[in-house]
Structure formats: structure tokens, C-alpha cells
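Notes for the structure review
What follows is each chain in one-letter form.
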Amino acid sequence: MPRTIECDICIIGSGISAALIAEKLTEERDAKVVVVEAGDDAPSLALRPESRRRFRAYGENPWGIDHIEGLTADNIQSRSMMVGGLAMHWGGVTPRFSPEDFRVKSLYGVGNDWPMTYDDLEPFFQEAEERIGVAGEQGPKALDPRSKPFPMPALPLTWNLAQLKQWTDKCEIPMWSQPSAKNSVVYGGRPVCCRNDTCSPVCPIGAKYSPDFTWNRLRSAKAIELMPRTLVKRLVVAEGSNRIDRAEAVNRDRPNESLDFRAKVFVVAGGYAWSPHLLLVSRSSRFPNGVANRSGHVGKYLTGHRNVFAFISLPTRLYPGLNEQHSLVTKAFMRPPKGEKYVRHDLRVWESSVNRRPRLRGDGGRVLLGDELLSDWRARTQQATTRVRAYYDVIPDRWSELVLDDVKRSPWGDPLPKITWRDHPESVELRAHTEDRIKQLFARMAKTGDGQIMRMGVDDFQDHPAGGCRMGNDPATSVVDGYGRAHDHENLFVVGAPTCVSGGCANGTLTFLAISLRQATMIGRDFPAKRAAPKSLRTPEPHGHA
Amino acid sequence: MAITRRTFVGWLAAVAPASRAWAGARQPVLPTAPLDPALVRAVGDAVLPSALGADGMRRATDAFQTWVDGYRPEAEVNHGYGTGTITRTAADPRPRWTQQLTELEAEARRAHGKGFATIGVGDRQTLIRAAIDASAQRRPAGGRTPSANDIASGAQPQTAESLPEIARAPHVAIAVLAHFYESSEATDLCYEAEIGKNQCRPLAAQTQRPTPLARRRG
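These figures come from a predicted structure and were not determined experimentally.

Another point: the side chain of K233 of chain A. All names here are of chain A. Structurally, K233 can be placed in strand 5 (residues 230–237). At 3.3 Å, the side chain of K233 forms a polar contact with the backbone oxygen of W412. When residues no more than four places from it in sequence are discounted, the contact partners of K233 are E248, A249, V250, L278, V281, W412 and D414.

The next point concerns the state of the cysteines. Considering all chains together, one arrives at one disulfide over all chains under this definition. The disulfide that involves C194 of chain A links it to C200 of chain B, with 2.2 Å between the sulfurs. Because the sign of the S-S torsion sets the handedness, a value of about -110° for the bond joining C194 of chain A and C200 of chain B places this disulfide among the left-handed ones. Placement of the pair is C194 of chain A in the loop between strand 3 (176–177) and helix 6 (211–220) and C200 of chain B in the loop between helix 8 (184–191) and helix 9 (213–217), with the two residues belonging to separate chains. What makes C194 of chain A buried here is its relative accessible area of 9%. Summary of cysteine pairing: C7 of chain A is not part of a disulfide, and the nearest cysteine sulfur, belonging to C10 of chain A, is at 4.9 Å.

With that settled, the discussion passes to the pattern of salt bridges. Residues and elements named next belong to chain A. Taken as a whole, this structure holds 57 salt bridges over all chains when the rule is applied. Of the charged contacts, one joins R131 and E127 as a salt bridge, the two residues approaching to 2.9 Å between their closest N and O atoms. Placement of both R131 and E127 in helix 4 (residues 118–132) is noted, with a separation of four residues, approximately one turn of the helix. The same class applies to R131 and to E127, which are both buried.

Listed as interface residues are 80 residues of chain A and, on the opposing side, 73 residues of chain B. In total, about 6,600 Å² of surface goes out of reach between chain A and chain B, with carbon and sulfur atoms giving 55% of it. A per-residue breakdown of the area chain A buries against chain B is headed by Y58, R195 and L369 of chain A, which together make up 11% of the total. In this assembly, chain A and chain B are joined by four salt bridges. Linking chain A with chain B are 30 residue pairs in polar contact (both at pLDDT 80 or more). Listing elements by their share of the side of chain A that touches chain B, those giving two or more residues are helix 2 (48–58), strand 8 (303–314), helix 8 (371–380), strand 11 (384–393) and strand 14 (452–466) of chain A. Per-element tally for the side of chain A that touches chain B: the top contributor is helix 2 of chain A, with eight residues. Residue classes in the side of chain A that touches chain B are distributed as 34 nonpolar, 22 polar and 24 charged.

Moving on, we come to the layout of surface pockets. Looking at the second largest pocket, its volume works out to about 420 Å³. Together, 18 residues line the second largest pocket, and N75, Q77, W421 and F461 of chain A together with G82 of chain B are the ones closest to its centre. In terms of residue class, the lining of the second largest pocket is built from four nonpolar, eight polar and six charged.

What follows is about the sheet that holds strand 11 of chain A. Strands belonging to one sheet form pairs held by backbone hydrogen bonds; the direction of such a pair is parallel or antiparallel. Residues and elements named next belong to chain A. Reading across from one edge, 3-9-10-11-8-14 is the order of the six strands in this open sheet, with antiparallel pairing throughout. Both edges of this open sheet fall to strand 3 and strand 14, since each of them pairs with a single strand only. When strand 10 (residues 347–352) meets strand 11, the two strands line up antiparallel, connected through five bridges. Paired with S352 across the bridge in strand 11 is T385.

Before going further, it helps to spend a moment on helix 8 of chain B. Owing to its 3.6 residues per turn, the α-helix aligns residues three or four sequence positions apart on the same side. All names here are of chain B. Of all eight residues in helix 8, seven are buried, a share of seventy percent or more. Listed as buried for helix 8 are S184, A186, T187, D188, L189, C190 and Y191. Downstream of helix 8 by one or two residues, E192 has phi in the positive range, about 50°.

Across chain A, the average pLDDT comes to 95, with 97% of residues at 70 or higher. When the criterion is pLDDT under 50, residues 541–546 of chain A qualifies, and its contacts beyond four places in sequence or with other chains add up to 14 contacts.

Unoccupied space between atoms shows up once a probe the size of one water molecule is rolled over them. Residues and elements named next belong to chain A. Scanning all chains against the criterion turns up 10 cavities of 30 Å³ or more. Computed from the structure, the largest cavity encloses a volume of approximately 960 Å³. What lines the largest cavity is a set of 50 residues, and nearest its centre among them are A269, G270, G271, Y272 and W274. Counting only elements with at least two residues in the lining of the largest cavity, the list comes to helix 1 (16–28), strand 5, helix 7 (271–281), strand 14 and helix 10 (509–523). For the lining of the largest cavity, the element with the highest residue contribution is helix 7, accounting for seven residues.

Moving on: the environment of G91 of chain A. Residue and element names in this part refer to chain A. Its place among the elements puts G91 in the loop between helix 2 and helix 3 (104–108). Judged by relative accessible area, which is 15%, G91 ranks as buried. Taking the C-alpha atoms as reference points, G91 and S106, 15 residues apart in sequence, are found 33 Å from one another.

Helix-helix packing: each pair is described by the crossing angle between the helix axes and the interaxial distance. All names here are of chain B. Across the interface, helix 4 (residues 94–112) lies against helix 5 (residues 121–134) with an axial gap of 11 Å and an inter-helix angle of 125°. Relative to helix 5, helix 4 is oriented oblique. Considering how the two elements wind past one another, helix 4 and helix 5 form a crossing that is right-handed. Where helix 4 approaches helix 5, its residues L104, E107, A108 and H112 are matched on the opposing element by D123, L127, I128 and A131.

Another aspect to go through is unusual backbone geometry. All names here are of chain A. Across the junction of S200 and P201, the peptide omega takes the value 20°, indicating a cis bond. Structurally, the position occupied by P201 is in the loop between strand 3 and helix 6. Unusually for a residue other than glycine, R229 sits at a positive phi of about 55°. Relative to the helices and strands, R229 is located in the loop between strand 4 (224–227) and strand 5.

Another aspect to go through is helix 9 (residues 425–448) of chain A. Residue and element names in this part refer to chain A. Relative to the 34 Å expected for 24 residues at 1.5 Å per residue, helix 9 spans 35 Å between its end C-alpha atoms, a close match to the ideal helical length. At R431, helix 9 is bent by approximately 45°, the largest bend along its length. Listing the buried residues of helix 9 in full gives S427, L430, T434, E435, I438, L441, F442, M445 and A446. Packing partners of the buried residues in helix 9 comprise helix 5 (159–170), strand 8, strand 10, strand 11 and strand 14. Where helix 9 ends, the next residue or the one after it, D450, has phi of about 55°, a positive value.

Under the definition given, this model contains 18 aromatic pairs over all chains. With 6.5 Å between their ring centres and 5° between their planes, F64 of chain B and W67 of chain B make a pair best called stacked. Here W67 of chain B and F64 of chain B lie together in helix 3 (residues 53–69), a separation of three residues that amounts to about one turn. With respect to burial, F64 of chain B and W67 of chain B carry one shared label: buried. Feature note: the residues Y58 of chain A together with F64, W67, Y71 and W97 of chain B constitute an aromatic cluster, connected by ring pairs. The ring of Y301 of chain A carries R470 of chain A above its face, with NZ or CZ at 3.7 Å from the centroid. In this structure, R518 of chain A is placed above the aromatic ring of Y483 of chain A, and the distance from its NZ or CZ to the ring centre is 4.2 Å.

Cut-offs used in this document
Residues numbered from 1 in each chain as written. Chains lettered and ligands numbered in written order. Predicted model: local features only at pLDDT ≥ 70, side-chain atom pairs only at ≥ 80, totals over all residues. Heavy atoms only, no water. Helix = DSSP H or I, 4+ residues; strand = E, 2+ residues; numbered from the N terminus. Polar contact = N/O pair within 3.5 Å; in protein donor to acceptor, adjacent residues only side chain to side chain. Contact = heavy atoms within 4.5 Å. Disulfide = S-S within 2.5 Å. Buried < 20%, exposed > 50% of the residue type's maximum accessible area, 1.4 Å probe, protein only. Salt bridge = Lys/Arg side-chain N within 4 Å of Asp/Glu carboxyl O. Buried area = accessible area lost by both parts, 1.4 Å probe. Nonpolar A, V, L, I, M, F, W, Y, C, P; charged D, E, K, R; others polar. 1 Å grid on protein atoms, 1.4 Å probe; cavity = no way out; pocket = protein on both sides within 12 Å on 5 of 7 lines; lining within 4 Å. Points joined across faces, edges and corners; volume = space filled by probe spheres on them. Pairing = 2+ DSSP bridges. pLDDT = per-residue confidence, 0-100. Axes fitted to C-alpha atoms, helices over the stretch in contact; angles between N-to-C directions. Parallel < 35°, antiparallel > 145°, perpendicular 65-115°, else oblique. Left-handed = near helix turned anticlockwise from the far one by under 90°. Expected span 1.5 Å × (residues − 1). Bend = angle between axes of the 7 residues up to and from the residue. Phe/Tyr/Trp six-rings, centres within 6.5 Å; stacked < 30°, edge-to-face > 60°. Lys NZ or Arg CZ within 6 Å of the ring centre and 35° of its normal.

Right, dumping it as C-alpha cells:
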């Protein structure tokens with residue numbers, strides 16, 4: 001007989017979306033929540049200064065055991081699989097998707113609309129920002145609508161960014177401080193950022209939010225049970241109904257012991273790759289295409305955004321190293337000009353030391369030693385380099401997909417995922433035009449600053465991947481509804497990134513969190529509300545920021 | 001210094017619990033004969049900028065030795081967004097660098113009749129230049145096209161001109177340079193300003209132009 005663990009809500013995966021959902025549910029509902037994570041526990045905060053030192057000195061992975069040998073796929077974007085997931089080494093960059101992202105079909109006749117609007121999501125954006133702690137500056141209201149101030153004052157612009165802002169002002173591009181999940185004041189019991197500048201991959205002091213902080217609080221309060229090193233292998237549908245009956249798992253420390261999770265509600269929170277993979281690998285004679293896959297859309301419409309980048313030389317002096325991970329941002333290009341072909345993108349500007357680093361050989365090829373090398377370096381740093389980058393949206397294609405690879409198997413004998421990225425024909429047709437327009441923008445910016453493009457290129461991969469279990473109102477063309485509930489199984493939810501309809505033009509995490517928190521309202525709906533006012537497990541500090 | 005079995009077993013006993021406690025996945029630092037400190041200092045005096053002064057050069061070469069002593073070959077390298085590839089640190093460079101120091105010493109004795117550490121800085125530079133030119137510039141392993149993030153973070157492909165990743169330096173003198181020029185101190189020296197790159201500094205101070213080094217020292 002398998003060992004069985006019973007609970008009200010079983011969350012599969014412990015990344016950032018799972019963390020916020022668990023936190024919200026435990027605050028608002030009387031429900032027993034169990035979280036199952038295949039990877040190892042995260043190293044404690046106390047170990048991070050030394051981990052960072054070795055990362056800086058030797059390039060070593062600061063996260064110890066953060067992936068599982070044999071659980072991978074060709075074209076997968078990251079191997080991070082541990083308590084906290086990929087957000088253990090994220091950069092903490094937290095823009096919201098823009099209102100247009102949710103209505104590109106209605107507004108511009110391109111791609112697909114989401115089954116919700118920005119206004120529907122706005123309170124959840126705010127809630128996500130408050131839960132993780134976001135420091136931000138209000139951009140122009142017309143470009144950057146929000147109903148309340150950021151929970152923390154913006155990270156101040158560095159002296160370098162202030163100089164670069166003068167340049168972008170001259171280019172007539174409104175730019176402001178990039179919203180970030182990094183503390184500009186003490187918040188959530190965590191300290192103020194002190195510019196160690198290794199936010200990605202590791203903040204040594206915990207000024208950047210990472211999900212382990214939420215998990216540690218919830219575990220200390222015994223509000224949840226979190227089981228690391230436990231891999232859910234498949235979901236099993238109850239006989240005679242479409243409800244999910246149990247999740248079959250294996251404890252990696254006791255691989256010969258069967259372990260079942262039985263719950264009233266199952267929440268799949270495994271990100272864009274492992275969520276659709278779990279649904280597909282749960283195939284059975286009754287559900288030969290996997291669970292939640294009557295539409296055949298599980299694993300389809302993987303999405304993200306591509307970027308065009310440039311390094312621009314400017315005739316000014318900057319001091320790279322003040323805070324290289326902080327940037328300027330704008331949403332000025334989220335709306336295509338009327339009557340013009342569809343192009344939408346964000347724009348960020350950083351200080352940079354590219355082509356301003358010390359070098360071993362001079363222009364003539366002579367090896368530079370001693371004072372010669374330093375003099376050469378000083379001469380090449382009299383002018384500045386700035387890095388500019390624009391994420392543009394890629395319209396996802398049905399065949400941008402994750403399927404089961406029946407050749408490659410996991411260490412547990414299950415088919416591994418096989419991932420293929422593909423642009424929708426609309427995007428294929430738009431790609432050259434989009435990239436040309438962005439390159440023209442960069443050229444104009446360089447010219448306005450009396451500078452020169454040093455290097456320009458396109459990153460061909462799709463960043464901040466999402467999709468694979470997209471949401472929609474039509475069960476024939478989507479996997480889950482607008483609240484993440486599987487069309488085919490009333491007690492199964494998929495949350496966060498995989499439910500996205502499109503990848504937008506900006507870092508996706510905050511949007512993944514907002515939709516997750518909205519999904520949590522439905523996940524918790526059938527459980528009794530806590531009678532007393534919820535004693536929040538969050539501990540934001542008063543900061544007097546208006 | 002030869003390492004006896006007793007030393008090695010004692011070292012293992014000391015290292016194993018600590019390494020388990022803080023990561024579990026990390027390779028232990030392997031005991032290998034250290035680089036000759038006198039020769040490393042002699043290389044440092046020849047390749048580092050004079051603005052460091054004698055104390056600064058000594059500090060830089062001591063820091064390099066500490067780096068060498070802490071190196072773990074085949075350790076897992078950080079893997080971030082955009083790749084599912086797991087890579088590892090390079091093989092232990094110490095045997096290669098030890099051999100190169102020995103060769104510099106031998107070449108100094110052949111050309112000048114004296115040890116490398118006792119010939120003038122100009123002569124040392126000549127020998128080092130010849131050795132660097134003779135050593136093949138090696139490119140790092142791996143075939144992924146660098147992303148904007150890679151380029152911005154310095155993880156871009158090596159060119160003939162750039163300083164390489166320290167452990168992949170084809171010559172020990174290049175390794176000494178690469179190590180020093182990665183430091184916050186080197187950046188401050190170049191810009192003659194108190195930038196404090198990668199150091200823990202007050203957030204509010206980032207709005208100010210960095211203080212000139214001369215003013216601070218004065």
C-alpha cells in the first residue's frame with residue numbers, strides 16, 4: 001500500500017507563484033495546504049555571502065544542488081529546480097505587463113486577447129508588489145497606469161543613470177527607475193539593498209525578494225507543510241468522475257516507496273515546462289492525451305519575448321560599477337503609432353563596461369604590462385558605454401510546443417519533455433520589420449547623443465518563457481479558464497506562467513504573480529474563510545511612502 | 001611541499017563536514033602544491049601597475065595566491081536564464097602555471113645568469129612577453145551564442161586582446177593580471193575614483209558622482 005498524505009490543497013511546485021498562492025490561501029482560508037517540490041531545499045541566507053564570494057571569484061553556482069540530474073530537455077530555458085524555483089536567482093525586475101498586452105487582438109488585430117483585462121488584474125498587480133516588496137517610480141500615468149503607489153520608494157537612479165537619463169530626455173524618450181523587488185527601505189523584515197550588484201544570481205543579504213523567505217515564514221508558522229525532494233510523477237483521475245483523485249509521487253530519498261497525495265484541490269505550479277509535462281505524462285487509457293487535454297492544447301503556445309540589444313559609445317564619462325543591474329525603463333513603445341505596422345517593445349538603458357575593460361594587447365598587438373596596461377585602460381574609459389535593450393513580443397504559435405519525448409527518459413523512467421520554439425506566421429512576417437524599427441531607434445539614440453553603435457544584435461531565444469497551459473474562455477482552444485481551473489477537471493488548477501496567453505514585451509514575473517493571486521481567489525473559494533481578520537504572515541515595515 | 005597520507009586524511013576530515021553543511025554539491029578544494037610565492041611576486045612586480053606601490057603589489061599577488069589555493073576544478077558554474085546547459089570550471093591550472101614559473105626561472109638563468117626574481121623589472125617583462133606570445137591564446141569551451149546578458153556581464157567570447165577568465169589564462173602572468181583587473185581596487189585605480197564596484201555600499205550614495213581617489217587619500 002502506498003503511503004498517503006491527505007490535505008485540502010496540494011500545490012505541486014514551490015516557485016514564486018506557488019509561494020504567493022500558498023501565502024494568500026493560508027491567510028484567507030481554513031485549509032490544510034501541502035506543497036510538494038521535486039528539488040532540494042534552498043540554502044539558508046546565512047550561507048549566501050560565502051556563496052556569492054565563490055560565485056564572484058570562481059563563477060561557481062551559488063545555489064548548491066539546484067537541479068536534478070536527468071530532468072531536463074533540449075531547448076529548456078533554465079535548469080533551476082529547487083525550493084523557490086527559478087526565482088532564487090532571478091534579477092528581481094518587476095515591471096507590469098501593459099494594458100495593451102492583454103488586448104492585442106482587439107486593439108491591433110494581432111495575436112490573441114487574454115480572458116481578462118489589465119483593469120481586472122490591477123488589484124492583483126498591487127497585491128503582488130506588496131507581498132514581495134517592490135520599489136518603484138510612477139511613470140507617466142498614461143503609459144504606466146496604477147491605482148496605488150508602489151509599496152516602496154524607487155531605487156534611486158545612480159549617478160550614471162542620471163547622466164543617461166539626460167541623454168534619453170534629449171532623445172525625447174520618457175524613462176524612469178526600473179521597478180524592482182529589491183528593498184529601498186527595510187521591508188518584510190529584510191534589509192535595504194547595499195549594491196552588492198549580484199542580484200542575479202544571488203543577493204547576499206536578502207534585500208532582493210526570493211521565495212524562500214515566504215516559505216520559511218510559512219513553515220515557521222506551521223501554516224503549510226512543504227515536502228522537498230518529492231517528485232510528483234502523475235495525476236490520477238477518479239474513476240467515474242473527472243475529478244483528480246490523487247497525485248502519485250516518489251520521495252527521492254526512498255525511491256522504492258510509493259507515495260500518494262490526496263487532496264480536494266490540486267494546484268500545478270511547475271512553471272512553463274514542468275506543468276504541461278506533468279499533465280501530459282499523466283496519460284492513461286481513459287485520458288490517452290494526458291489530463292486536462294481534451295482540447296489537445298496542453299504544451300502548446302509556448303511564449304516569451306525576443307530582444308534586440310546594442311552597446312552605444314557616448315562622449316561622456318561614466319563610472320561603471322555604481323550599480324550595474326539597475327536600469328532606466330520606459331513603456332513609451334507599447335502602443336504602435338496609428339496607421340503603422342504592428343511593433344511593440346519595451347526599452348531599458350544600463351551603464352555598461354563593454355569595450356571599456358582592461359585588455360592584454362594594444363591596437364598593434366603588443367602585450368601590455370605594468371603601467372602600459374593601466375594607461376591603455378584609462379584612455380579607453382574617458383568615454384562611456386551604455387547598454388540598451390528592447391524586448392518585443394512574439395506571437396505564440398500552436399506548434400511552439402512541449403511534447404513528450406518517447407526516446408529520452410527521466411531517471412524514473414518517464415518520458416522527458418521535448419521543447420520546440422516557433423513564431424506564429426504573423427510574427428514571422430513582422431520580425432524583420434520589428435527588429436529594423438528597434439535598430440533604427442538605437443541608431444537615432446546614438447546619433448542624438450553624438451555617439452556610435454559599438455555592437456548590435458538579436459538574442460534569438462525567447463526570454464521569460466510562459467504558456468503551455470494557456471487560459472481562455474473557450475475549452476476548445478485553451479486548457480484552463482481565466483482563473484486557472486482546468487476546463488476538464490473541476491478540482492485541478494494550473495497557475496502562473498504556463499497559463500499566459502502571450503509573453504508580452506517585458507519581464508514576466510510580476511504578471512505571473514498577479515494572475516496567480518487572482519487564480520488563488522478561485523482555488524480558495526470553496527474553503528471556509530478565516531473568521532478572525534487574517535493575521536498576515538507578511539511583515540512589511542511602515543515606511544511613510546505616499 | 002609533499003602532502004603525506006596523514007595530512008591528506010586530516011584535511012579530508014576537516015573539510016568534509018563543512019562542505020556538506022553549506023552546499024553538498026560542491027567539489028572540495030584539492031590539495032595541490034602551491035605556486036612558488038617568490039616567483040609569483042616577481043611576476044606581479046613586473047606586470048602590475050606601479051601606482052599600486054610595493055604594498056599594493058604584494059597585496060595583489062597574495063590575493064592571487066589565495067584565489068589559486070581556493071580553486072575547485074570541475075565545480076558547477078552558475079547557470080541562469082536562457083540555457084539548460086550545465087558547465088563546470090576548468091581543470092586545475094596550477095600544474096600549468098607551476099611549469100611556466102619554472103620556465104621563467106630557467107630562462108632568466110640562461111639569459112642573465114640570475115634567478116627570475118633578481119633580474120630587473122624590464123628584463124622580467126621581456127621574458128614574460130616572449131612567454132605570453134609563445135603561449136597559445138585559448139578560447140573557452142562551449143558553443144552557445146552569447147546573449148546580451150552574457151556580453152554585459154563580461155561572459156563574452158575571448159578575443160586576442162581581452163583578459164581571459166582567470167583559470168583559463170594560458171600563462172600565469174596573464175592569470176595574475178586577470179585576477180587583479182577583476183578587482184574593485186583595479187576599477188577604482190583606473191577611474192581614479194571611489195566606485196567600490198561589487199562592494200556593499202549605502203544605496204543612497206549611488207546618486208553621487210564617485211569621490212576622486214586623490215581627494216580621499218589627501
